[in-house]
Amino acid sequence: MKNLFYYVTIGLFIVGCSSTTKTTKTSDANYPKEAVRIANDSLEYEIIITDIGFETYLNTIAKPMWFYSKEYYETKNRFYVSEWNIRASNPLRYRSDIYENHIDYDPNVDYGLEVNYKLYNYFKFVEYKYNQRLL
């Protein structure tokens, strides 16, 4: 009888300590929850940043959007995009896990303040997170 009580107690302990899994459905299955979407529907383009921590960086470390002018962001983005694309073209020299894709950024297109701000801060985030110097 003592042995039976002992085994039942151990069994209940194991069942009680077993981990449970939670599944939740997101409303948009196209990209992960922590992804940041930059888009302009009238220009028909979209940038999705899935790098974990970027949204937190944007909300905590990055300067506010109005800190620099749109022209400042556009000028910096031209240089950053150019360097990014060079690194994306050379996966043997630069980390291919960081520079996965080319960025099609046309300096003649008015992307607006918000898009330029987020793109600029993504480059700053890469410098911060991966200890990379793009410029």
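Residues numbered from 1 in each chain as written. Predicted model: local features only at pLDDT ≥ 70, side-chain atom pairs only at ≥ 80, totals over all residues. Heavy atoms only, no water.

### Some points on the overall build of the chain
Thought 1: Each helix and strand in the chain was counted, giving four helices and two strands.
Thought 2: Shown N-terminal to C-terminal, the secondary structure of the chain runs as helices and strands in the order α-β-β-α-α-α.
Thought 3: Buried residues in the chain amount to 31% of all 135 residues.
Thought 4: Counting only carbon and sulfur atoms, one obtains 53% of the accessible surface of the chain, whose full area is about 10000 Å². (Helix = DSSP H or I, 4+ residues; strand = E, 2+ residues; numbered from the N terminus. Buried < 20%, exposed > 50% of the residue type's maximum accessible area, 1.4 Å probe, protein only. Areas by Shrake-Rupley, 256 points an atom, 1.4 Å probe, with all protein chains shown as cover.)

### Observations regarding helix 4 (residues 113-130)
Thought 1: With 18 residues, helix 4 extends 26 Å between its outermost C-alpha atoms, agreeing within 8% with the 26 Å of an ideal straight helix rising 1.5 Å per residue.
Thought 2: Val 115, Asn 116, Tyr 117, Lys 118, Leu 119, Tyr 120, Asn 121, Tyr 122, Phe 123, Phe 125, Val 126 and Glu 127 are the residues of helix 4 that are buried.
Thought 3: Asn 131 sits one or two positions beyond helix 4 and adopts a positive phi of about 55°. (Expected span 1.5 Å × (residues − 1).)

### What to know about the pattern of salt bridges
Thought 1: What the rule picks out here adds up to eight salt bridges.
Thought 2: Two residues, Lys 70 and Glu 74, come together in a salt bridge whose shortest N-O distance is 4.0 Å. Of the two residues, Lys 70 and Glu 74 both sit in helix 3 (residues 70-89), four residues apart, roughly one turn of that helix.
Thought 3: The exposure class of Glu 74 is buried, given its relative accessible area of 15%.
Thought 4: Close ionic contact of Lys 70 with Asp 110 constitutes a salt bridge, the shortest N to O distance being 2.8 Å. With Lys 70 in helix 3 and Asp 110 in the loop between helix 3 and helix 4, the pair connects residues that are 40 residues apart, well separated along the chain.
Thought 5: Each of Lys 70, Glu 74 and Asp 110 takes part in a single network of salt bridges with overlapping partners. (Salt bridge = Lys/Arg side-chain N within 4 Å of Asp/Glu carboxyl O.)

### Observations regarding the packing of aromatic side chains
Thought 1: For the structure shown, the criterion picks out 21 aromatic pairs.
Thought 2: Seen from their ring centres, Tyr 80 and Phe 123 are 5.1 Å apart, and the 20° between their planes marks the pair as stacked. In this pair, Tyr 80 is assigned in helix 3 and Phe 123 in helix 4, connecting sequence segments 43 residues apart. Like Phe 123, Tyr 80 is buried.
Thought 3: Ring geometry for Tyr 105 and Tyr 111: centres 5.1 Å apart, planes at 25°, overall stacked. Side by side, Tyr 105 and Tyr 111 carry an identical accessibility label, which is buried. (Phe/Tyr/Trp six-rings, centres within 6.5 Å; stacked < 30°, edge-to-face > 60°.)

### Details of the nonpolar core
Thought 1: Counting 26 residues, the largest nonpolar core has Trp 84, Tyr 99, Tyr 122 and Phe 123 as its most contacted members.
Thought 2: Breaking this core down by element, the ones donating at least two residues are strand 2 (45-49), helix 2 (54-60), helix 3 and helix 4.
Thought 3: Take this core: its biggest share by element is eight residues, from helix 4.
Thought 4: What Tyr 122 contacts, discounting residues up to four positions off in sequence, is Ile 49, Asp 51, Phe 54 and Trp 84. (Core = buried A, V, L, I, M, F, W, Y, C linked by side-chain atoms within 4.5 Å. Contact = heavy atoms within 4.5 Å.)

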